[in-house]
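In case you want the letters, here they are:
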Amino acid sequence: MRKLIKALHFLGLAMFLGSVFGHISLGLIPGVNQHPQSLLFARQAITIATIYVTLPGLILLTVTGVALTLYGRLGVFKVRWLTLHQVLGVLILLNAVLILYPVGRELLVAADQLVQGGLSLEQFDAIAARERFFGPVNVLLALATLFIAVMKPGFRSGRARA
């Protein structure tokens, strides 16, 4: 059972991180940020990917992470690397749900207003600045969480390593 849960945890990671890199790639298309219609298309694609891939991946990561913790009887605050992994996971979840998802919805509405002529590129860019800050924060947290899980650092205190 543990192997199945772990495999689903990795699937959630692939869904979450893969879709985030897809969001980033859409923003790198030449000219996408200068043409309102292209911007709207990119925001629609990001919204669809968020709803059907990013958020389900994050939910799968969270549920399987909790299951692995309970199944392994490791708990919270018992193993230092795992505790750090869990804390970073909670920060990723909070950033995604409380900041990035609402900003993404706001950007979709703003892109539509941009196409309709009710918003300027500068106004859109001001809203997008939040995503440009908090998005990379989540990517860095996700990569740190991944490396901590793989490396399982000892965080030894009081003893020098030989």
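Residues numbered from 1 in each chain as written. Predicted model: local features only at pLDDT ≥ 70, side-chain atom pairs only at ≥ 80, totals over all residues. Heavy atoms only, no water.

Looking only at helices and strands, one finds four helices and zero strands in the protein. Secondary structure elements in the protein, listed N-terminal to C-terminal, are α-α-α-α. Counting only C-alpha atoms and orienting by the principal axes, one finds that the protein spans roughly 60 × 35 × 25 Å. Here the analysis covers contacts within the protein between residues at least 6 apart in sequence; of these, 76% occur between residues at least 24 apart. Summed over all atoms, the accessible surface of the protein reaches about 10,100 Å², with 71% contributed by carbon and sulfur. Charged side chains of the protein number 14 positive and 5 negative; the gap between the two group centres comes to 33 Å. (Helix = DSSP H or I, 4+ residues; strand = E, 2+ residues; numbered from the N terminus. Contact = heavy atoms within 4.5 Å. Areas by Shrake-Rupley, 256 points an atom, 1.4 Å probe, with all protein chains shown as cover. Lys, Arg positive; Asp, Glu negative; His and termini not counted. Charge placed at Lys NZ, Arg CZ, Asp CG, Glu CD.)

By size, the foremost hydrophobic cluster in this structure holds 15 residues, and its most contacted members are Phe16, Leu58, Ile92 and Ala142. With five residues, helix α3 (residues 80-116) is the single largest residue contributor to this core. Setting aside anything within four residues of it in sequence, one finds isoleucine 92 in contact with Phe16, Leu58, Asn138, Leu141, Ala142 and Thr145. The next biggest cluster of nonpolar side chains, apart from the first, holds eleven residues, and it includes Leu119, Phe124, Ile127 and Ala128. (Core = buried A, V, L, I, M, F, W, Y, C linked by side-chain atoms within 4.5 Å. Buried < 20%, exposed > 50% of the residue type's maximum accessible area, 1.4 Å probe, protein only.)

Turning to a nonpolar patch on the surface, a few remarks are in order. Taken together, the side chains of Val87, Val90, Leu91, Leu94, Val97 and Leu98 present a nonpolar region at the surface, about 510 Å² in accessible area. Looking at the secondary structure, you find valine 87 in helix α3. (Patch = residues over 30% accessible without salt bridge, like charges linked within 9 Å, V, L, I, M, F, W, Y side chains within 5 Å. Salt bridge = Lys/Arg side-chain N within 4 Å of Asp/Glu carboxyl O.)

To continue, consider unusual backbone geometry. Glycine aside, negative phi is the norm for most residues, and most peptide bonds take the trans geometry. A positive phi angle, close to 45°, is found at lysine 152, a residue other than glycine. What makes lysine 152 partly exposed here is its relative accessible area of 44%.

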